[in-house]
Amino acid sequence: MYASPISDLALEHILESGLRVLNSDLIDDGRRMSVLHALVQIFTEAGRGSAAVTAQNHMLIALEEPPAFERFALFFRYLNRTFGADLPARLNEASQVFTAIEQDMDIPPAMRNRVAELVEGMLTAIHRESRLVQLAPPKELRLSF
Amino acid sequence: MSANLQACSFLLGRLDREVAKLKALTFPGHHTGPRKWLSFIAGILDTAKSYLAQAETQGFPAAESERLVREAERLGDNAYQLLTFVAGTDATQIPHQVVAPFQRWVEALGIKETIFFRAEHLPNYELAWIDLRHYGLINGATKSLQDATLAIDWPALRVSVPGHAMGLLPHFAVVGHELGHAIQDQVKVDLTPFTQGIGDAITRAMARLNADGVTWAHEHSIRTGEILKAWLNELKSDAVGHYLVGPAFFFALCGFLELSGRGSGMSGSHPPSDLRRELLFQKLNEGTPSFAAILATKTGLLITEDFNSPNIARRLPDTQMYEELRDRIGKVDAAVTVELTSAIAAIAPTIFHAAQVHLQATSPDLVYTPTQLSADLDRHLDLLCHLVPPVEFMNAGQLRPATLSTIINVGWTALLTKVDQFPTIRGFGGSPPIAARMESLHELLLKAVELAEARQLWEELA
């Protein structure tokens, strides 16, 4: 169980810092490395979990790799509508790109842009959902006949 | 100072005081989990306060300042919600005697995560786990938040047990199941032989949904994965409960389900209760001698599958079950759960075997056996009927402390077969005689747990 993304300020800050890294904005070195480490972990797990909808024996992924499956299910919930069947490939691409940046390798701009689009999509979806949070309905306990 | 900044500052101050007050409480068994959690919350509050201080800096851009206040509000809200995680962990809520022995189970099972136990006024046993390890990466996280995040072994685990009226000691055997959830990912089950059966169940669910106007989509595959994972984990945890406490787990789980709902229990999170009961009953009758045979020989107790849970609803034929379930849990969950039932029943023996292999390899001393039950009943049952708690026993000329599993199994056996032979009890005025005797048994077992733990500690220190 991960915290709901709409209440998870850390996830939001990590994604925002990830965008700054992708845009080559100035960012403190220590934070850059910590954030990249977290992003590689998040997107690698999600990418691995995405086999739950692509692999032949997809159900076994959920059972054999629960954390990866849960991570993918989270991204799927927020991004399926935007990226549809491309989502698994996009998550795997994000994992590759952040790993490459962590290792100081060059990344083609088009790849950087696609990953930035994915990260922005996640942030937008989180912000949209947080605007729609409902108050808990009043509780009543009485016999209904 | 803006009104919302002022209000947020007030909230954070109040939360600070509440956390300080909670830190001053006594936590049973002196377990460190709640204190680590409270330090984590204090770190979040420190970070939120640093946001407010920054927002008030003269000349700070207005938009940035508003954002900082907004995020401080969110952190305050987070902290408030995270406080609920430790509610009921203090010594007024949970019987303090049980925490240290539970902690021994935790350590013997190799559970490294930060854990705490709490009681709540609900008919509920639960293991909640929460993973906020990335909180140290919040912008401008204070050192207190970073240190507190590092001090917790994530995910943090919280075991809930019912408080007071439903907290009869023998029922705490269900905690074995909850700790099973903590090690569920370590219990490896080879599912390859069952791929076909699972695939067939999904095909049947698709057909059932199709006939009911629902076209299968990716989100249904994901949901099926979630359900399958949840069911597998329930059975793994039942298996761990069985191997830790043997018949006491069967009695406790079935007794609890009988008292707390009696429904079929079938949902996206749990397989049908009658299937779980059936599997546990089979395990009690396995081997020579079996647990059931020992209980029959030594006490005359003849266990049947539903002897302490006659009112748990049994499964209906598939189509009828689907129709009953779909309005309650939705068509997709209803179709998937109905069709998965036979597949999961086929996997169950492999799951139980995997749990046994895991426990034998990692913590063989924890596995409760029919031989142990036989010895425990010989040593303690008659004495317990004379109000002597099962604290210790003589082994090769040395006194050894009774284990929690021993105490709970002797307790259950007394509860089911001997409680009417207990002497007349004083001090429970107004209760019916049997209830008073059961209350007395509960007190004796708590005393046994406390004294056995004291002896264990004494031996370790010596």
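Just so you know, these numbers come straight off a predicted model, no measurement behind them.

Q: If you had to explain the packing of helix α8 (residues 218-245) of chain B against helix α9 (residues 247-259) of chain B to someone new, which residues and values would you point to?
A: All names here are of chain B. Remark: α8 packs on α9, axes separated minimally by 6 Å, with the N-to-C direction vectors making an angle of 130 degrees. Classified by the angle their axes make, α8 and α9 are oblique. In this structure, α8 contributes D238, G241, H242 and V245 to the contact, and α9 contributes P247, A248, F249 and L253. Residue composition of the contact of α8 with α9, by class: five nonpolar, two polar and one charged.

Q: Pulling in residues and values, what's your account of the layout of surface pockets?
A: One way to see where empty space is left: roll a probe the size of a water molecule over the atoms. All names here are of chain B. A volume near 630 Å³ is recorded for the second largest pocket. Lining the second largest pocket we find 26 residues, and of these D365, L366, A402, T403 and L404 sit closest to its centre. Broken down by secondary-structure element, the contributors of at least two residues to the lining of the second largest pocket are α4 (96-108), α14 (370-385), β4 (392-395), β5 (398-401), α15 (404-417) and α16 (433-461). Taken together, the residues that form the lining of the second largest pocket break down as 14 nonpolar, seven polar and five charged.

Q: Can you explain empty space enclosed by the protein? Please cite residues and give values.
A: Residues and elements named next belong to chain A. Under the definition given, this model contains one cavity of 30 Å³ or more. The calculated volume of the largest cavity comes to roughly 30 Å³. Lining the largest cavity are L11, L15, I42, R71, L74, F75 and M122. When contributions to the lining of the largest cavity are tallied by element, the ones reaching two or more residues are α1 (9-22) and α5 (66-83). Considering each element in turn, the lining of the largest cavity owes the most residues, three residues, to α5. For the lining of the largest cavity, the class distribution of residues is six nonpolar, no polar and one charged.

Q: Go over the interface of chain B and chain A with me, naming the residues and quoting the values.
A: Contacts between the two partners involve 30 residues from chain B and, on the opposite side, 34 residues from chain A. Between chain B and chain A lies a buried interface of about 2900 Å² when both sides are counted; carbon and sulfur atoms form 65% of it. The three residues of chain B that bury the most area against chain A are R74, L137 and I222 of chain B, which together make up 22% of that side's buried surface. In this structure, the connection of chain B to chain A is made through three salt bridges. In this structure, E12 of chain A engages R74 of chain B in a salt bridge whose closest nitrogen and oxygen atoms are separated by 2.9 Å. Linking chain B to chain A there are seven residue pairs in polar contact (both at pLDDT 80 or more). Mapped onto the side of chain B that touches chain A, the elements with two or more residues apiece are α3 (62-83), β2 (126-130), α7 (195-211) and α8 of chain B. By residue number, the principal contributor to the side of chain B that touches chain A is α8 of chain B, which donates ten residues. Residues belonging to the side of chain B that touches chain A are distributed by class as follows: 14 nonpolar, eight polar and eight charged.

Q: Let's hear about the packing of helix α2 (residues 33-55) of chain B against α3 of chain B: which residues, and what values?
A: When two helices pack together, their arrangement is captured by the angle between the axes and the distance separating the axes. All names here are of chain B. Running from N to C, α2 and α3 point in directions that differ by 165 degrees, and their axes come no closer than 8 Å. Here α2 lies roughly antiparallel to α3, going by the angle between them. The way α2 lies across α3 gives a crossing that is left-handed. Between α2, through W37, L38, F40, I41, I44, L45, T47, A48, Y51, L52, Q54 and A55, and α3, the contact on the second element is made entirely by S65, L68, V69, E71, A72, L75, A79, L82 and L83.

Q: Let's hear about the confidence of the model for chain B: which residues, and what values?
A: Mean pLDDT over chain B works out to 91, with 97% of the residues at or above the 70 mark. Note on the complex model: pTM 0.88, ipTM 0.88.

Q: Tell me about the pattern of salt bridges, residues and numbers included.
A: Between side chains of opposite charge, a pair can form when the charged atoms approach closely. Taken as a whole, this structure holds 34 salt bridges over all chains when the rule is applied. With a closest N to O distance of 2.6 Å, E16 of chain A and R67 of chain B form a salt bridge. In this pair, E16 of chain A sits in helix α1 while R67 of chain B sits in helix α3, so the two residues belong to two different chains. Taking the relative accessible area as the measure of exposure, E16 of chain A reaches 14% and is therefore buried.

Q: Describe the packing of aromatic side chains, naming the residues involved and giving the relevant values.
A: Residue and element names in this part refer to chain B. Evaluated as defined, the whole model comprises 19 aromatic pairs over all chains. With centroids separated by 5.4 Å and ring planes inclined at 40 degrees, the aromatic side chains of W37 and F40 adopt a geometry described as tilted. Within this pair, W37 and its partner F40 are both found in helix α2, separated by three residues, close to a single helical turn. Its relative accessible area of 1% is what places W37 among the buried residues. Residue class for F40 comes out buried when judged on its relative accessible area of 0%. On the numbers, 5.4 Å between centres and 40 degrees between planes, the contact of F102 with F117 is tilted. Linking F102 in helix α4 with F117 in strand β1 (residues 115-120), this pair joins segments that are 15 residues apart in sequence. Take F102 and F117: they sit in the same class, and that class is buried. Counting every residue linked through ring pairs, the aromatic cluster contains W37, F40, F85, F116, Y135 and W154.

What counts and what doesn't
- Note that residues are indexed from 1 along each chain, following the sequence as it is written.
- Written order determines the labels here, with chains lettered from A and ligands numbered from 1.
- Where totals are concerned, whole chains, interfaces and linings use all residues; where local detail is concerned, this predicted model gives features only for residues with pLDDT of at least 70, and gives and counts side-chain atom pairs only at 80 or more.
- For the side-chain quantities, the full set of heavy atoms in the structure was used; hydrogens and water were omitted.
- Every axis in this analysis is a line fitted to C-alpha atoms, fitted for helices over the stretch in contact. Angles between the N-to-C directions lie between 0 and 180 degrees.
- Numbered from the N terminus, helices here are DSSP runs of H or I no shorter than four residues, and strands are runs of E no shorter than two.
- When an angle is under 35 degrees it counts as roughly parallel; over 145 it counts as roughly antiparallel; between 65 and 115 it counts as roughly perpendicular; any other value is oblique.
- Throughout, a contact is declared for two residues whenever any of their heavy atoms are within 4.5 Å.
- Put simply, Ala, Val, Leu, Ile, Met, Phe, Trp, Tyr, Cys and Pro go in the nonpolar bin, Asp, Glu, Lys and Arg in the charged bin, and everything else, Gly too, in the polar bin.
- As defined here, a cavity is a set of points on a 1 Å grid over the protein atoms alone where a 1.4 Å probe fits but cannot get out. A pocket is an open set with protein on both sides within 12 Å along at least five of seven lines, and residues line them when an atom is within 4 Å of a point.
- Grid points are joined across faces, edges and corners, and a volume is the space filled by probe spheres set on the points.
- A simple way to read buried area is as the amount of 1.4 Å-probe accessible surface that goes missing from two parts once joined, with both sides added.
- Note on definitions: salt bridges are taken to be side-chain nitrogens of Lys or Arg within 4 Å of carboxyl oxygens of Asp or Glu.
- Distance and chemistry together define a polar contact, namely a pair of N or O atoms within 3.5 Å, with one atom able to donate a hydrogen and the other to accept it when in protein, and with adjacent residues in sequence counting only for side-chain atoms on both sides.
- The crossing is said to be left-handed when, going from far helix to near helix, the turn is anticlockwise and less than a right angle, and right-handed when the turn is clockwise.
- pLDDT is a per-residue confidence score from the predictor, ranging from 0 to 100.
- Burial status follows relative accessibility: with a 1.4 Å probe on protein chains alone, a residue under 20% of its type maximum counts as buried, one over 50% as exposed, and anything between as partly exposed.
- Each aromatic pair joins two rings of Phe, Tyr and Trp (for Trp, the six-membered one) with centres within 6.5 Å, and gets the label stacked for planes under 30 degrees apart, edge-to-face for over 60, and tilted for any other angle.

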